[in-house]
Amino acid sequence: IKMKVPQLKKKLEIKSCHNIEWEDNYSWIHQKNILEVLKDKSKLDSEVKKYLEEENTYSQHHLKDTKDIQKKLFDEIKGRIKLDDESLPYKDKNYEYWTKTTKEGNYFKKFRKKINDSKIECYFDGDLEAKGKKFFSTGDLAVSYDDKLLAFSIDDKGGEYFTIFVRRISDNKIIEKIENTAGGVLWAYDDKSFFYRKHDSQKRPRKIF
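Because the structure is predicted, anything quoted here is derived from the model rather than measured.

Undergrad: Outline the overall build of the protein, listing residues and values.
TA: From N to C terminus, the protein includes four helices and 14 strands. Its C-alpha radius of gyration of 23 Å places the protein more than 25% over the 17 Å reference for a compact globule of 209 residues. In terms of principal-axis extent, the alpha carbons of the protein reach across some 70 × 45 × 30 Å. Taken over 209 residues, the protein has a buried fraction of 27%. Counting contacts in the protein only where the partners sit at least 6 residues apart, residues at least 24 apart contribute 24% of the total. With an accessible surface of roughly 15700 Å², the protein has 51% of that area assigned to carbon and sulfur atoms. Separation between the mean location of the 45 positive side-chain charges and that of the 38 negative ones in the protein comes to 2 Å.

Undergrad: I'd love a proper account of the sheet that holds strand β12 (residues 185-187), names of residues and values included.
TA: In spatial order, the strands read β12-β13-β14; together these three strands make up an open sheet with antiparallel pairing. Strand pairing shows two members of the sheet lacking a second neighbour, β12 and β14 (205-208), which therefore form its edges. Going from strand to strand, the sheet's axes swing by 30° on average, the running direction of each strand aside.

Undergrad: Which residues make up the sheet that holds strand β10 (residues 162-168), and what values do they have?
TA: Ordered by their spatial adjacency, four strands build an open sheet running β8-β9-β10-β11, and the pairing between neighbours is antiparallel. Among the strands making up the open sheet, the edge pair consists of β8 (137-143) and β11 (173-181). Shown here is a sheet whose adjacent strand axes are inclined to one another by a mean of 15°, direction ignored. Relative to β10, strand β9 (residues 149-155) is paired through six bridges, and the arrangement is antiparallel. Residue pairing across strands places F152 opposite F165, the latter belonging to β10.

Undergrad: Now, about helix α3 (residues 67-79): what can you tell me, with residues and values included?
TA: With 13 residues, α3 ought to run about 18 Å at 1.5 Å a step, and its terminal C-alpha atoms sit 18 Å apart, in line with that. In terms of residue burial, α3 counts as a barely covered element, since only zero of its 13 residues are buried.

Undergrad: Can you break down the packing of aromatic side chains residue by residue, with the values?
TA: On inspection of all chains with the given rule, the structure shows twelve aromatic pairs. Arranged with centres 5.9 Å apart and planes meeting at 45°, the rings of Y95 and Y97 form a pair that is tilted. Across this residue pair, the class does not change: Y95 and Y97 are buried. On the numbers, 5.4 Å between centres and 25° between planes, the contact of F152 with F165 is stacked. Within this pair, whereas F152 is found in strand β9, its partner F165 is found in strand β10, the two being separated by 13 residues in sequence. We note that F152, like F165, is buried. Put simply, the rings of Y90, Y95, Y97 and Y123 touch in pairs and so form one group of aromatic residues.

Procedures and definitions
- Residues numbered from 1 in each chain as written.
- Predicted model: local features only at pLDDT ≥ 70, side-chain atom pairs only at ≥ 80, totals over all residues.
- Heavy atoms only, no water.
- Helix = DSSP H or I, 4+ residues; strand = E, 2+ residues; numbered from the N terminus.
- Rg over C-alpha atoms; globule rule 2.2 N^0.38 Å.
- Buried < 20%, exposed > 50% of the residue type's maximum accessible area, 1.4 Å probe, protein only.
- Contact = heavy atoms within 4.5 Å.
- Areas by Shrake-Rupley, 256 points an atom, 1.4 Å probe, with all protein chains shown as cover.
- Lys, Arg positive; Asp, Glu negative; His and termini not counted.
- Charge placed at Lys NZ, Arg CZ, Asp CG, Glu CD.
- Pairing = 2+ DSSP bridges.
- Axes fitted to C-alpha atoms, helices over the stretch in contact; angles between N-to-C directions.
- Expected span 1.5 Å × (residues − 1).
- Phe/Tyr/Trp six-rings, centres within 6.5 Å; stacked < 30°, edge-to-face > 60°.

Quick look at the structure:
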């Protein structure tokens, strides 16, 4: 079956800069509210969305005979990565902290145990946090200096706008939530406050709160 090559509609616009003029048939796809699209994909121009979906369908159609090769290449690359891995523990005042990945999961897990104690506690499980989400990315994780609170940031849309959560480790209760941040989190020494960044209108992390 021969598929028609997707065509993006042309909308002529005369542009100018430094006393030079030129024709641009595709400048219309650059939405003025593109930063809002990163937060809410439903705001993407319907014509652009339709074109992207047609391009994806076209690509899948022409690459369908290579699915076995794609899987073989993926498995070869995956086979060269150490999936079961564990960092060296580092000691804080009362705890040892470390990170672990397993071949069964897709994301890292954070563990800790009290110094000179054998009981191990998983205080952040990336696979559990990502469950049910189409996209998942961890920005930052920080345990308070008194070892009681975990501040972490998650992007579950792909636009690099992170939601910061503060969780009480003892019972996993979320006690604070801040949306649309740049992702970074840093605790103050008093354990009563923390610092984080937000984007400006051009999506630059320029302000600290």
